[in-house]
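Here is how the chains run, residue by residue.
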Amino acid sequence: MTDTATHDLVVRAARALTPDGERAVEVGVTAGRIETVVPLGTGLAGSEVLELAEDEVLLPGLVDSHVHVNEPGRTEWEGFATATRAAAAGGVTTIVDMPLNSLPPTTSVANLAVKKQRAVDQAFVDVGFWGGAVPGNTADLRPLHDAGVFGFKCFLADSGVPEFGHLEDAELRTDLAELTSFGAMMIVHAEDPGTLEDAPQEPGPTYKHFLASRPAKAESTAIAGLIDAARVTGARAHVLHLSDADSLPMIAAARAEGVRLTVETCPHYLSLDADHVPDGATAYKCCPPIREQDNQDRLWQGLRDGLIDVVVTDHSPATAALKEPASGDFAEAWGGVASLQLGLAVVWTEARRRGVPLADVVRWMSAGPAALVGLERKGGIAVGKDADLAVFAPEATFVVDPTRLHHKNPVTPYSGRDLTGVVRRTLLRGRPVGDEPAGTLLRRGES
Ligand SMILES: [Zn+2]
(Lines give C-alpha, C1' and ligand atoms only; values in the text may rest on other atoms or scores of the structure.)
Protein backbone atom coordinates (compact mmCIF):
# COMPACT_ATOMS: atom_id res chain seq x y z
CA MET A 1 0.00 0.00 0.00
CA THR A 2 1.40 3.37 -0.98
CA ASP A 3 -0.15 6.66 0.13
CA THR A 4 -0.58 7.71 -3.48
CA ALA A 5 -3.10 4.97 -4.26
CA THR A 6 -6.67 6.09 -4.66
CA HIS A 7 -9.22 3.77 -3.16
CA ASP A 8 -12.78 3.37 -4.37
CA LEU A 9 -13.87 4.34 -0.87
CA VAL A 10 -12.19 5.61 2.25
CA VAL A 11 -14.02 5.45 5.56
CA ARG A 12 -12.73 7.63 8.39
CA ALA A 13 -13.86 6.69 11.89
CA ALA A 14 -12.69 7.97 15.27
CA ARG A 15 -14.16 4.77 16.67
CA ALA A 16 -14.02 1.48 14.79
CA LEU A 17 -14.32 -2.03 16.23
CA THR A 18 -11.43 -3.95 14.70
CA PRO A 19 -10.16 -7.43 15.61
CA ASP A 20 -7.45 -5.64 17.65
CA GLY A 21 -9.97 -3.60 19.63
CA GLU A 22 -11.45 -0.16 19.25
CA ARG A 23 -9.25 2.05 17.05
CA ALA A 24 -9.34 5.42 15.28
CA VAL A 25 -8.84 4.37 11.67
CA GLU A 26 -9.10 5.03 8.00
CA VAL A 27 -10.30 2.07 5.97
CA GLY A 28 -9.34 1.90 2.30
CA VAL A 29 -11.73 -0.14 0.16
CA THR A 30 -10.95 -1.29 -3.37
CA ALA A 31 -13.11 -3.56 -5.49
CA GLY A 32 -15.33 -4.33 -2.53
CA ARG A 33 -12.55 -5.49 -0.25
CA ILE A 34 -10.75 -3.85 2.63
CA GLU A 35 -7.32 -3.12 1.20
CA THR A 36 -5.84 -1.24 4.11
CA VAL A 37 -6.62 -0.19 7.67
CA VAL A 38 -4.39 2.66 8.92
CA PRO A 39 -4.48 5.15 11.80
CA LEU A 40 -6.89 8.04 11.46
CA GLY A 41 -5.01 11.05 10.12
CA THR A 42 -2.97 9.09 7.57
CA GLY A 43 -4.94 10.80 4.84
CA LEU A 44 -5.84 7.97 2.46
CA ALA A 45 -7.23 9.14 -0.85
CA GLY A 46 -10.56 7.82 -2.03
CA SER A 47 -12.90 8.40 -4.97
CA GLU A 48 -15.52 8.53 -2.27
CA VAL A 49 -15.01 9.37 1.37
CA LEU A 50 -17.31 8.51 4.23
CA GLU A 51 -16.60 10.38 7.42
CA LEU A 52 -18.36 9.12 10.54
CA ALA A 53 -20.05 11.57 12.89
CA GLU A 54 -18.77 11.99 16.43
CA ASP A 55 -21.46 9.79 17.92
CA GLU A 56 -20.94 6.93 15.46
CA VAL A 57 -18.93 3.72 15.60
CA LEU A 58 -17.85 1.73 12.56
CA LEU A 59 -18.75 -1.94 12.93
CA PRO A 60 -18.14 -4.97 10.76
CA GLY A 61 -21.46 -5.95 9.17
CA LEU A 62 -23.29 -8.49 11.28
CA VAL A 63 -23.60 -12.11 10.20
CA ASP A 64 -26.89 -13.77 11.11
CA SER A 65 -26.62 -17.52 10.72
CA HIS A 66 -30.20 -18.20 11.82
CA VAL A 67 -32.83 -16.72 9.51
CA HIS A 68 -36.00 -18.30 8.08
CA VAL A 69 -36.84 -16.68 4.74
CA ASN A 70 -39.67 -19.08 3.77
CA GLU A 71 -39.56 -18.39 0.02
CA PRO A 72 -40.77 -20.05 -2.12
CA GLY A 73 -43.87 -21.79 -0.79
CA ARG A 74 -44.61 -19.63 2.22
CA THR A 75 -43.55 -16.32 0.73
CA GLU A 76 -46.52 -14.65 2.39
CA TRP A 77 -44.68 -15.33 5.69
CA GLU A 78 -41.38 -13.83 4.50
CA GLY A 79 -39.45 -13.44 1.27
CA PHE A 80 -35.87 -12.79 0.21
CA ALA A 81 -36.44 -9.13 -0.70
CA THR A 82 -38.18 -8.19 2.55
CA ALA A 83 -35.92 -10.26 4.81
CA THR A 84 -32.70 -8.94 3.31
CA ARG A 85 -33.94 -5.33 3.40
CA ALA A 86 -34.75 -5.82 7.09
CA ALA A 87 -31.29 -7.30 7.56
CA ALA A 88 -29.58 -4.31 5.97
CA ALA A 89 -31.63 -1.89 8.06
CA GLY A 90 -30.36 -3.73 11.13
CA GLY A 91 -26.68 -3.67 10.12
CA VAL A 92 -26.73 -7.32 9.01
CA THR A 93 -24.79 -7.91 5.77
CA THR A 94 -24.88 -11.71 5.62
CA ILE A 95 -27.69 -14.11 6.43
CA VAL A 96 -27.70 -17.88 6.30
CA ASP A 97 -31.15 -19.20 5.47
CA MET A 98 -32.68 -22.08 7.38
CA PRO A 99 -33.77 -25.13 5.37
CA LEU A 100 -37.36 -25.20 6.53
CA ASN A 101 -40.63 -23.34 6.25
CA SER A 102 -40.03 -22.75 2.56
CA LEU A 103 -41.57 -25.21 0.09
CA PRO A 104 -39.62 -27.12 -0.92
CA PRO A 105 -37.41 -27.42 2.17
CA THR A 106 -33.66 -27.42 1.45
CA THR A 107 -33.28 -31.18 1.76
CA SER A 108 -31.86 -32.03 -1.68
CA VAL A 109 -29.67 -30.41 -4.31
CA ALA A 110 -32.69 -29.91 -6.56
CA ASN A 111 -34.53 -28.11 -3.78
CA LEU A 112 -31.47 -25.96 -3.03
CA ALA A 113 -31.44 -24.92 -6.67
CA VAL A 114 -35.07 -23.79 -6.39
CA LYS A 115 -34.25 -21.64 -3.36
CA LYS A 116 -31.19 -20.11 -5.00
CA GLN A 117 -33.10 -19.30 -8.13
CA ARG A 118 -35.61 -17.35 -6.03
CA ALA A 119 -32.96 -15.60 -3.95
CA VAL A 120 -30.51 -14.57 -6.62
CA ASP A 121 -32.22 -11.45 -7.96
CA GLN A 122 -33.80 -10.33 -4.70
CA ALA A 123 -31.01 -10.32 -2.13
CA PHE A 124 -30.06 -6.93 -0.68
CA VAL A 125 -27.37 -8.58 1.47
CA ASP A 126 -25.33 -11.75 0.99
CA VAL A 127 -27.19 -15.01 1.48
CA GLY A 128 -25.96 -18.50 2.28
CA PHE A 129 -27.98 -21.66 2.85
CA TRP A 130 -28.18 -24.43 5.41
CA GLY A 131 -29.19 -27.89 4.27
CA GLY A 132 -31.79 -29.98 6.09
CA ALA A 133 -31.34 -33.45 7.62
CA VAL A 134 -34.72 -35.20 7.71
CA PRO A 135 -35.78 -38.84 7.92
CA GLY A 136 -34.72 -40.65 4.76
CA ASN A 137 -32.39 -38.08 3.17
CA THR A 138 -29.01 -39.30 4.41
CA ALA A 139 -27.93 -39.89 0.79
CA ASP A 140 -28.67 -36.23 -0.04
CA LEU A 141 -26.35 -34.81 2.59
CA ARG A 142 -23.03 -35.22 0.79
CA PRO A 143 -24.33 -33.77 -2.51
CA LEU A 144 -25.78 -30.80 -0.63
CA HIS A 145 -22.44 -30.29 1.11
CA ASP A 146 -20.68 -30.37 -2.27
CA ALA A 147 -23.23 -27.85 -3.56
CA GLY A 148 -22.07 -25.38 -0.92
CA VAL A 149 -24.48 -25.48 2.03
CA PHE A 150 -22.89 -24.39 5.32
CA GLY A 151 -24.00 -27.41 7.32
CA PHE A 152 -27.22 -29.24 8.18
CA LYS A 153 -30.13 -28.56 10.44
CA CYS A 154 -32.17 -31.19 12.16
CA PHE A 155 -34.96 -31.24 14.72
CA LEU A 156 -35.15 -33.68 17.60
CA ALA A 157 -38.87 -32.87 18.14
CA ASP A 158 -41.76 -31.87 15.86
CA SER A 159 -40.65 -28.98 13.63
CA GLY A 160 -44.13 -27.53 13.24
CA VAL A 161 -44.29 -28.21 9.49
CA PRO A 162 -45.14 -31.65 8.10
CA GLU A 163 -42.57 -31.67 5.29
CA PHE A 164 -39.61 -31.35 7.67
CA GLY A 165 -39.68 -34.40 9.94
CA HIS A 166 -37.56 -34.79 13.06
CA LEU A 167 -34.79 -37.32 13.59
CA GLU A 168 -35.05 -40.14 16.11
CA ASP A 169 -31.88 -40.89 18.05
CA ALA A 170 -30.71 -43.68 15.69
CA GLU A 171 -31.23 -41.45 12.63
CA LEU A 172 -29.39 -38.61 14.35
CA ARG A 173 -26.41 -40.86 14.94
CA THR A 174 -26.44 -42.18 11.37
CA ASP A 175 -26.50 -38.65 9.97
CA LEU A 176 -23.86 -37.37 12.40
CA ALA A 177 -21.55 -40.17 11.29
CA GLU A 178 -22.28 -39.35 7.65
CA LEU A 179 -21.55 -35.63 8.16
CA THR A 180 -18.35 -36.44 10.02
CA SER A 181 -17.09 -38.40 7.01
CA PHE A 182 -16.86 -35.14 5.05
CA GLY A 183 -16.37 -32.66 7.87
CA ALA A 184 -19.79 -31.02 7.95
CA MET A 185 -21.57 -29.63 10.99
CA MET A 186 -25.03 -30.54 12.33
CA ILE A 187 -27.03 -27.70 13.85
CA VAL A 188 -29.78 -28.92 16.13
CA HIS A 189 -33.15 -27.78 17.42
CA ALA A 190 -32.79 -29.50 20.77
CA GLU A 191 -36.07 -30.22 22.53
CA ASP A 192 -36.92 -33.76 23.60
CA PRO A 193 -40.25 -35.03 22.22
CA GLY A 194 -40.92 -37.39 25.15
CA THR A 195 -40.49 -34.61 27.69
CA LEU A 196 -42.77 -32.35 25.67
CA GLU A 197 -45.38 -35.09 25.48
CA ASP A 198 -45.34 -35.56 29.26
CA ALA A 199 -45.58 -31.83 29.98
CA PRO A 200 -48.97 -30.33 30.91
CA GLN A 201 -50.74 -29.09 27.79
CA GLU A 202 -53.19 -26.35 28.67
CA PRO A 203 -54.11 -24.22 25.68
CA GLY A 204 -55.24 -20.62 25.95
CA PRO A 205 -53.87 -17.11 26.39
CA THR A 206 -52.00 -17.65 29.69
CA TYR A 207 -48.25 -17.46 29.06
CA LYS A 208 -47.42 -19.51 32.19
CA HIS A 209 -49.37 -22.43 30.72
CA PHE A 210 -47.46 -22.24 27.46
CA LEU A 211 -44.15 -22.05 29.33
CA ALA A 212 -45.09 -25.14 31.34
CA SER A 213 -45.79 -27.00 28.09
CA ARG A 214 -42.15 -26.47 26.92
CA PRO A 215 -40.16 -27.10 30.10
CA ALA A 216 -36.45 -26.50 30.46
CA LYS A 217 -36.04 -30.23 30.94
CA ALA A 218 -37.04 -30.78 27.30
CA GLU A 219 -33.99 -28.81 26.26
CA SER A 220 -31.57 -30.31 28.77
CA THR A 221 -32.68 -33.86 27.93
CA ALA A 222 -32.25 -33.28 24.20
CA ILE A 223 -28.89 -31.56 24.66
CA ALA A 224 -27.66 -34.45 26.83
CA GLY A 225 -28.63 -36.86 24.05
CA LEU A 226 -26.94 -34.71 21.43
CA ILE A 227 -23.74 -34.50 23.47
CA ASP A 228 -23.73 -38.26 23.78
CA ALA A 229 -24.29 -38.74 20.04
CA ALA A 230 -21.59 -36.17 19.18
CA ARG A 231 -19.17 -37.85 21.56
CA VAL A 232 -19.75 -41.31 20.07
CA THR A 233 -19.60 -40.19 16.44
CA GLY A 234 -16.95 -37.48 16.81
CA ALA A 235 -19.32 -35.12 15.01
CA ARG A 236 -19.27 -31.33 15.00
CA ALA A 237 -22.56 -30.20 16.56
CA HIS A 238 -24.16 -26.85 17.28
CA VAL A 239 -27.04 -26.16 19.67
CA LEU A 240 -29.50 -23.72 18.12
CA HIS A 241 -31.36 -21.07 20.11
CA LEU A 242 -30.43 -22.13 23.63
CA SER A 243 -33.07 -20.88 26.05
CA ASP A 244 -32.41 -23.16 29.04
CA ALA A 245 -29.51 -21.88 31.15
CA ASP A 246 -29.60 -25.06 33.29
CA SER A 247 -27.90 -26.81 30.35
CA LEU A 248 -24.77 -24.63 30.53
CA PRO A 249 -22.81 -26.70 33.09
CA MET A 250 -23.40 -29.84 31.01
CA ILE A 251 -22.24 -27.99 27.89
CA ALA A 252 -19.14 -26.79 29.73
CA ALA A 253 -18.33 -30.33 30.85
CA ALA A 254 -18.80 -31.76 27.36
CA ARG A 255 -16.51 -29.17 25.83
CA ALA A 256 -13.90 -29.74 28.52
CA GLU A 257 -13.73 -33.40 27.55
CA GLY A 258 -13.37 -32.50 23.88
CA VAL A 259 -16.87 -32.90 22.45
CA ARG A 260 -17.07 -30.60 19.42
CA LEU A 261 -20.00 -28.43 20.45
CA THR A 262 -20.93 -24.78 19.93
CA VAL A 263 -23.97 -22.90 21.18
CA GLU A 264 -26.08 -19.94 20.16
CA THR A 265 -28.76 -17.92 21.87
CA CYS A 266 -31.09 -15.20 20.58
CA PRO A 267 -31.96 -11.58 21.35
CA HIS A 268 -35.38 -12.46 22.80
CA TYR A 269 -33.93 -14.84 25.40
CA LEU A 270 -31.49 -12.12 26.45
CA SER A 271 -33.98 -9.27 26.70
CA LEU A 272 -37.47 -10.59 27.50
CA ASP A 273 -38.68 -12.63 30.45
CA ALA A 274 -41.70 -14.80 31.22
CA ASP A 275 -43.06 -12.58 34.00
CA HIS A 276 -43.50 -9.71 31.57
CA VAL A 277 -45.19 -11.53 28.71
CA PRO A 278 -48.76 -10.24 28.69
CA ASP A 279 -51.46 -12.88 28.45
CA GLY A 280 -52.51 -13.44 24.85
CA ALA A 281 -49.37 -11.70 23.53
CA THR A 282 -48.51 -14.39 21.00
CA ALA A 283 -45.86 -12.19 19.36
CA TYR A 284 -43.67 -13.52 22.21
CA LYS A 285 -44.27 -17.16 21.34
CA CYS A 286 -41.22 -19.09 20.22
CA CYS A 287 -39.86 -22.58 20.80
CA PRO A 288 -38.00 -23.10 23.02
CA PRO A 289 -39.83 -20.42 25.00
CA ILE A 290 -38.73 -17.22 26.71
CA ARG A 291 -38.12 -18.22 30.34
CA GLU A 292 -37.77 -16.46 33.71
CA GLN A 293 -35.56 -13.46 34.57
CA ASP A 294 -33.12 -15.59 36.56
CA ASN A 295 -32.64 -17.83 33.51
CA GLN A 296 -31.97 -14.75 31.35
CA ASP A 297 -29.32 -13.57 33.82
CA ARG A 298 -27.58 -16.94 33.61
CA LEU A 299 -27.62 -16.87 29.78
CA TRP A 300 -25.72 -13.57 29.97
CA GLN A 301 -23.25 -15.26 32.30
CA GLY A 302 -22.92 -18.07 29.75
CA LEU A 303 -21.99 -15.50 27.13
CA ARG A 304 -19.46 -13.86 29.44
CA ASP A 305 -17.98 -17.27 30.24
CA GLY A 306 -17.63 -18.09 26.54
CA LEU A 307 -19.99 -21.08 26.80
CA ILE A 308 -22.41 -19.45 24.37
CA ASP A 309 -20.53 -18.60 21.20
CA VAL A 310 -22.91 -16.49 19.15
CA VAL A 311 -26.08 -14.42 19.27
CA VAL A 312 -28.28 -14.73 16.18
CA THR A 313 -31.91 -13.81 15.70
CA ASP A 314 -33.80 -16.97 14.72
CA HIS A 315 -35.83 -14.55 12.61
CA SER A 316 -38.89 -16.74 12.09
CA PRO A 317 -41.89 -14.82 10.81
CA ALA A 318 -45.35 -15.97 9.88
CA THR A 319 -48.44 -14.13 8.71
CA ALA A 320 -50.10 -11.98 11.33
CA ALA A 321 -53.15 -14.27 11.22
CA LEU A 322 -51.04 -17.34 12.11
CA LYS A 323 -50.06 -15.61 15.35
CA GLU A 324 -53.75 -16.02 16.37
CA PRO A 325 -54.22 -12.41 17.45
CA ALA A 326 -57.97 -12.84 17.98
CA SER A 327 -57.84 -15.74 20.44
CA GLY A 328 -54.36 -15.06 21.84
CA ASP A 329 -54.05 -18.82 22.21
CA PHE A 330 -50.37 -19.66 22.72
CA ALA A 331 -50.91 -23.32 21.82
CA GLU A 332 -52.44 -22.46 18.44
CA ALA A 333 -50.23 -19.50 17.46
CA TRP A 334 -47.22 -20.01 15.21
CA GLY A 335 -43.97 -19.92 17.17
CA GLY A 336 -41.27 -17.51 16.10
CA VAL A 337 -39.96 -14.01 16.79
CA ALA A 338 -38.96 -11.95 13.77
CA SER A 339 -36.17 -9.58 14.77
CA LEU A 340 -33.63 -9.36 11.97
CA GLN A 341 -33.89 -5.56 11.86
CA LEU A 342 -33.82 -5.09 15.64
CA GLY A 343 -31.40 -7.74 16.89
CA LEU A 344 -28.37 -5.48 17.39
CA ALA A 345 -30.33 -2.73 19.16
CA VAL A 346 -32.16 -5.24 21.37
CA VAL A 347 -28.97 -6.99 22.47
CA TRP A 348 -26.97 -3.76 22.82
CA THR A 349 -29.71 -2.10 24.90
CA GLU A 350 -29.59 -4.97 27.37
CA ALA A 351 -25.78 -5.35 27.24
CA ARG A 352 -25.30 -1.66 27.95
CA ARG A 353 -27.61 -1.89 30.98
CA ARG A 354 -25.52 -4.80 32.23
CA GLY A 355 -22.15 -3.11 31.61
CA VAL A 356 -21.20 -5.45 28.76
CA PRO A 357 -19.00 -3.70 26.15
CA LEU A 358 -20.20 -3.11 22.60
CA ALA A 359 -17.15 -4.98 21.32
CA ASP A 360 -18.43 -8.18 22.96
CA VAL A 361 -21.88 -7.76 21.42
CA VAL A 362 -20.38 -7.25 18.00
CA ARG A 363 -18.09 -10.24 18.39
CA TRP A 364 -21.09 -12.46 19.26
CA MET A 365 -23.08 -11.13 16.29
CA SER A 366 -20.42 -10.72 13.59
CA ALA A 367 -17.03 -12.43 13.94
CA GLY A 368 -18.60 -15.26 15.95
CA PRO A 369 -21.22 -16.34 13.43
CA ALA A 370 -18.77 -15.78 10.54
CA ALA A 371 -16.36 -18.19 12.22
CA LEU A 372 -19.18 -20.62 13.02
CA VAL A 373 -20.06 -21.05 9.36
CA GLY A 374 -16.49 -20.61 8.05
CA LEU A 375 -16.96 -17.33 6.19
CA GLU A 376 -13.39 -16.08 6.30
CA ARG A 377 -14.14 -12.93 4.34
CA LYS A 378 -16.88 -11.79 6.68
CA GLY A 379 -17.12 -10.49 10.23
CA GLY A 380 -14.18 -8.12 10.63
CA ILE A 381 -12.71 -4.76 9.76
CA ALA A 382 -9.41 -6.18 8.56
CA VAL A 383 -7.31 -6.32 5.41
CA GLY A 384 -8.61 -8.83 2.88
CA LYS A 385 -12.14 -9.01 4.21
CA ASP A 386 -15.22 -7.89 2.30
CA ALA A 387 -15.98 -4.25 3.06
CA ASP A 388 -19.25 -5.13 4.79
CA LEU A 389 -19.71 -2.34 7.29
CA ALA A 390 -22.33 -0.78 9.54
CA VAL A 391 -22.38 2.74 10.92
CA PHE A 392 -23.85 2.54 14.41
CA ALA A 393 -24.77 5.30 16.86
CA PRO A 394 -24.58 3.46 20.20
CA GLU A 395 -26.10 6.19 22.34
CA ALA A 396 -28.91 7.21 20.00
CA THR A 397 -32.35 5.96 20.99
CA PHE A 398 -35.58 5.05 19.24
CA VAL A 399 -38.99 3.62 19.96
CA VAL A 400 -39.86 0.47 18.00
CA ASP A 401 -42.57 1.30 15.49
CA PRO A 402 -43.75 -1.82 13.65
CA THR A 403 -44.68 0.24 10.58
CA ARG A 404 -40.97 1.00 10.12
CA LEU A 405 -39.92 -2.65 10.01
CA HIS A 406 -39.05 -4.00 6.58
CA HIS A 407 -39.92 -7.62 7.15
CA LYS A 408 -43.11 -8.72 5.51
CA ASN A 409 -45.26 -9.27 8.60
CA PRO A 410 -44.13 -6.71 11.14
CA VAL A 411 -45.49 -8.52 14.19
CA THR A 412 -43.04 -7.94 17.03
CA PRO A 413 -42.88 -8.30 20.81
CA TYR A 414 -40.67 -5.19 20.81
CA SER A 415 -43.44 -2.87 19.61
CA GLY A 416 -43.31 0.38 21.59
CA ARG A 417 -40.07 -0.54 23.34
CA ASP A 418 -37.35 2.06 23.90
CA LEU A 419 -34.12 0.80 22.41
CA THR A 420 -30.63 2.25 22.42
CA GLY A 421 -28.40 2.03 19.36
CA VAL A 422 -29.32 3.14 15.86
CA VAL A 423 -27.94 1.67 12.62
CA ARG A 424 -27.52 4.73 10.41
CA ARG A 425 -26.00 3.14 7.32
CA THR A 426 -25.02 -0.29 6.01
CA LEU A 427 -22.44 -1.01 3.31
CA LEU A 428 -22.12 -4.24 1.40
CA ARG A 429 -18.71 -4.70 -0.25
CA GLY A 430 -18.13 -0.97 0.07
CA ARG A 431 -21.45 0.11 -1.46
CA PRO A 432 -24.39 1.50 0.49
CA VAL A 433 -27.25 -0.96 0.51
CA GLY A 434 -29.78 0.87 -1.61
CA ASP A 435 -32.71 0.36 -3.93
CA GLU A 436 -31.18 -2.37 -6.07
CA PRO A 437 -30.55 -5.85 -4.68
CA ALA A 438 -26.76 -6.26 -4.80
CA GLY A 439 -26.32 -9.27 -2.52
CA THR A 440 -24.62 -12.43 -3.72
CA LEU A 441 -25.26 -16.07 -2.94
CA LEU A 442 -22.50 -17.54 -0.80
CA ARG A 443 -21.10 -21.07 -0.82
CA ARG A 444 -19.27 -22.82 1.97
CA GLY A 445 -15.51 -22.70 1.57
CA GLU A 446 -15.56 -19.93 -0.99
CA SER A 447 -13.01 -17.21 -0.31
ZN1 LIG B 1 -35.18 -21.27 13.74
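Given the structure is predicted, the values throughout are model-derived calculations rather than measurements.

**Comments concerning the coordination of the zinc ion**
Here is step 1: Distances from the zinc ion to its protein donors, H66 (NE2), H68 (NE2) and D314 (OD), fall within 2.1 to 2.2 Å.
Here is step 2: Here the donor residues for the zinc ion map to a single chain with the spacing H-x1-H-x245-D. One end of the pair, H66, is in strand β6 (residues 62-67); the other, D314, is in the loop between β14 (310-311) and α11 (343-353), and 248 residues separate them in sequence.

**Notes on the sheet that holds β6**
Here is step 1: With parallel pairing, the three strands of this open sheet are ordered in space as β6-β7-β8. A single partner strand is all that each edge strand has here, and the edge strands are β6 and β8 (126-129). On average, each strand axis in the sheet is tilted by 20 degrees relative to the strand beside it, whichever way the strands run.
Here is step 2: As judged from the four bridges shared by strand β7 (residues 92-97) and β8, these two strands associate in the parallel manner. Bridged to I95 within β8 is V127.
Here is step 3: Of the strands in this sheet, β6 and β7 are in contact with helix α12 (residues 358-373), which crosses β6 at around 60 degrees.

**Brief notes about unusual backbone geometry**
Here is step 1: In the segment running from E71 into P72, the intervening peptide bond is cis, with an omega of -5 degrees.
Here is step 2: Inspection of the secondary structure puts P72 in the loop between β6 and α1 (80-89).
Here is step 3: That bond from C287 to P288 is cis: its omega, -5 degrees, falls within 30 degrees of zero.
Here is step 4: Among the secondary structure elements, P288 is positioned in the loop between α9 (267-271) and α10 (293-304).
Here is step 5: Phi angles above zero are rare outside glycine, and N70 is one such case at about 75 degrees.
Here is step 6: Tracing the sequence through the fold places N70 in the loop between β6 and α1.
Here is step 7: The buried category is assigned to N70, whose relative accessible area is 1%.

Conventions and cut-offs
Residues numbered from 1 in each chain as written. Predicted model: local features only at pLDDT ≥ 70, side-chain atom pairs only at ≥ 80, totals over all residues. Heavy atoms only, no water. Donors = N, O, S within 2.8 Å, 3.2 Å for Na, K, Ca; no water. Helix = DSSP H or I, 4+ residues; strand = E, 2+ residues; numbered from the N terminus. Pairing = 2+ DSSP bridges. Axes fitted to C-alpha atoms, helices over the stretch in contact; angles between N-to-C directions. Contact = heavy atoms within 4.5 Å. Buried < 20%, exposed > 50% of the residue type's maximum accessible area, 1.4 Å probe, protein only.

By themselves, these are just geometric observations and shouldn't be taken as functional.
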